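What follows is the residue order along each chain.
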Amino acid sequence: MYLRIIETFISNITMGLKNNIEKFDTLGDNHIGTSTETPMRADAFKLSTDKKIEIIKDDVQHIMETLGLDLSDDSLNGTPNRVAKMFVNEIFGGLDPAKKPKASTFDNKYQYGEMLVEKNITLYSTCEHHFLPIVGRAHVAYISNGTVVGLSKMNRIVDYFAKRPQVQERLTIQIVEELQKVLNTKDVACVIDAKHLCVNSRGIRDIESSTVTSEFGGKFKEKDTRREFLDYIQLETKF
Ligand SMILES: [Zn+2]
């Protein structure tokens, strides 16, 4: 009797785990994110940067060896350390709040009351489901309510949030929410057009497709304002 109960219990747990693994696989394959905050562990910053690099180096080495690669080859020997440094300092450097661009703002002395658009901001990010690059352009706009930011600050904010394992929808929202905080206004918008190498180079292998996401805050929810922003980003800039 007891054995039966325990068997049923274990079988239910196994089924649950299997369903969960299938669910998470499907979520990842379809590039569905689960939250607008980057999911972080409570102990995310207990380890120093150097310690993280040291651990990841061993992990990468383990992956390479499991794949059957001979790390005594000169060409492969430095790869684990190189990848570990790249993960921590570069492509996932935006996980570290200490690297968030400082929010220096200025008074809107010119009383410029129209929208300011910065278009074609180069975007390099990483798909959190496959750890493959997302490459594209971000277009960001705001209408000042008395505060302005330097143009390069907008690039830096895009870059900071891009340097995380990401889903494009979350990245778009994080950029808008940060600028809303910095500029103290809801009137911020962002459109991202990007290629996901996990779609372009593997899986469905569709080289032509790109993904467009948008987030419109405050006045940008109004049809005319949104139209104006979208018209500006269509402008072809030539020098
Ligand atoms: Zn992906």
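Up top is the structure.
Enquirer: Quick rundown of the overall build of the protein? Include the residues and the values.
Expert: The secondary structure content of the protein amounts to eight helices and seven strands. For the protein, with 239 residues in total, the buried portion stands at 33%. Total accessible area on the protein is roughly 15,400 Å²; 55% of this is exposed by carbon and sulfur atoms.

Enquirer: Which residues make up a nonpolar patch on the surface, and what are the values?
Expert: Nonpolar side chains collect at one region of the surface, where Ile63, Leu67 and Leu69 lie side by side and expose about 310 Å² of accessible area between them. For Leu67, the location among the structural elements is in the loop between helix H2 (49-66) and helix H3 (74-77). Given the relative accessible area of 65%, Leu67 is considered exposed.

Enquirer: Account for the packing of H2 against helix H4 (residues 79-91), with residues named and values stated.
Expert: The interhelical angle for the contact between H2 and H4, taken along N-to-C directions, is 130 degrees, at an axis separation of 8 Å. When the interaxial angle is binned, H2 and H4 end up oblique. Judged by the sense of rotation from one axis to the other, the crossing of H2 with H4 is right-handed. Residue-level inspection shows Thr49, Lys52, Ile53, Ile56, Lys57, Val60, Gln61 and Met64 of H2 in contact with H4, the latter providing Thr79, Pro80, Asn81, Val83, Ala84, Lys85, Phe87, Val88 and Asn89. Its residues placed into classes, the contact of H2 with H4 shows nine nonpolar, five polar and three charged.

Enquirer: Got a sec to walk through the pattern of salt bridges? Specific residues and values, please.
Expert: Scanning the entire structure with this criterion turns up nine salt bridges. Across the salt bridge formed by Lys100 and Glu178, the nearest N and O atoms sit 3.3 Å from each other. With Lys100 in the loop between H4 and strand E1 (105-107) and Glu178 in helix H6 (residues 168-183), this residue pair connects regions lying 78 residues apart in the sequence. A salt bridge links Asp159 to Lys163, with the nearest nitrogen and oxygen atoms 2.9 Å apart. By relative accessible area, which is 29% here, Lys163 ends up partly exposed.

Enquirer: Which residues make up the packing of aromatic side chains, and what are the values?
Expert: Enumeration according to the criterion identifies six aromatic pairs in this entry. Their ring planes at 85 degrees and their centres at 6.0 Å tell us that Phe87 and Phe131 sit as a pair that is edge-to-face. Note that Phe87 is positioned in helix H4 and Phe131 in the loop between strand E2 (115-127) and strand E3 (133-143), a separation of 44 residues in sequence. Members of the aromatic cluster, each reached through a chain of ring pairs, are Phe87, Phe92 and Phe131.

Enquirer: Explain a negative patch on the surface residue by residue, including any values.
Expert: A cluster of acidic side chains, namely Glu65, Asp70, Asp73 and Asp74, defines a negative patch on the protein surface. Summarising the element assignment, Glu65 is placed in helix H2. On the basis of relative accessibility, which here comes to 42%, the residue Glu65 falls in the partly exposed class.

Enquirer: Can you break down helix H8 (residues 223-234) residue by residue, with the values?
Expert: Counted at 1.5 Å a residue, the expected span for H8 with its twelve residues is 16 Å, and the 17 Å between its end C-alpha atoms agrees. Three or more residues of H8 are buried, namely Thr225, Phe229 and Ile233. Here the buried residues of H8 occupy an arc of 70 degrees about the axis, which is enough to place them on one side. Opposite the buried face of H8, by more than 90 degrees, sit the exposed residues Lys223, Asp224 and Gln234. Of the surrounding elements, those touching the buried residues of H8 are E2, E3, strand E6 (188-196) and strand E7 (211-216).

Enquirer: Break down the sheet that holds E2 for me, citing the residues and quoting the values.
Expert: Strand order in the open sheet made by the five strands is E5-E2-E3-E6-E7, with mixed pairing throughout. One side of each edge strand has no neighbouring strand; the edge strands of this open sheet are strand E5 (165-166) and E7. Against the sheet, helix H5 (residues 151-162) touches E2, E3 and E5, its axis set at about 25 degrees to E2. With respect to the sheet, H6 is in contact with E2, E3, E5, E6 and E7, its orientation differing from that of E6 by roughly 150 degrees.

Enquirer: So what about the side chain of Ser144? Which residues, and what values?
Expert: Within the secondary structure layout, Ser144 lies in the loop between E3 and strand E4 (147-149). Engagement of the side chain of Ser144 in a polar contact is seen with the backbone nitrogen of Gly146, the distance being 3.0 Å. With residues near it in sequence (within four places) discarded, Ser144 still touches Asn108 and Tyr112.

Reading the values: the criteria
- Residues numbered from 1 in each chain as written.
- Predicted model: local features only at pLDDT ≥ 70, side-chain atom pairs only at ≥ 80, totals over all residues.
- Heavy atoms only, no water.
- Helix = DSSP H or I, 4+ residues; strand = E, 2+ residues; numbered from the N terminus.
- Buried < 20%, exposed > 50% of the residue type's maximum accessible area, 1.4 Å probe, protein only.
- Areas by Shrake-Rupley, 256 points an atom, 1.4 Å probe, with all protein chains shown as cover.
- Patch = residues over 30% accessible without salt bridge, like charges linked within 9 Å, V, L, I, M, F, W, Y side chains within 5 Å.
- Salt bridge = Lys/Arg side-chain N within 4 Å of Asp/Glu carboxyl O.
- Axes fitted to C-alpha atoms, helices over the stretch in contact; angles between N-to-C directions.
- Parallel < 35°, antiparallel > 145°, perpendicular 65-115°, else oblique.
- Left-handed = near helix turned anticlockwise from the far one by under 90°.
- Contact = heavy atoms within 4.5 Å.
- Nonpolar A, V, L, I, M, F, W, Y, C, P; charged D, E, K, R; others polar.
- Phe/Tyr/Trp six-rings, centres within 6.5 Å; stacked < 30°, edge-to-face > 60°.
- Lys, Arg positive; Asp, Glu negative; His and termini not counted.
- Charge placed at Lys NZ, Arg CZ, Asp CG, Glu CD.
- Expected span 1.5 Å × (residues − 1).
- Arc of directions from axis to C-beta.
- Pairing = 2+ DSSP bridges.
- Polar contact = N/O pair within 3.5 Å; in protein donor to acceptor, adjacent residues only side chain to side chain.

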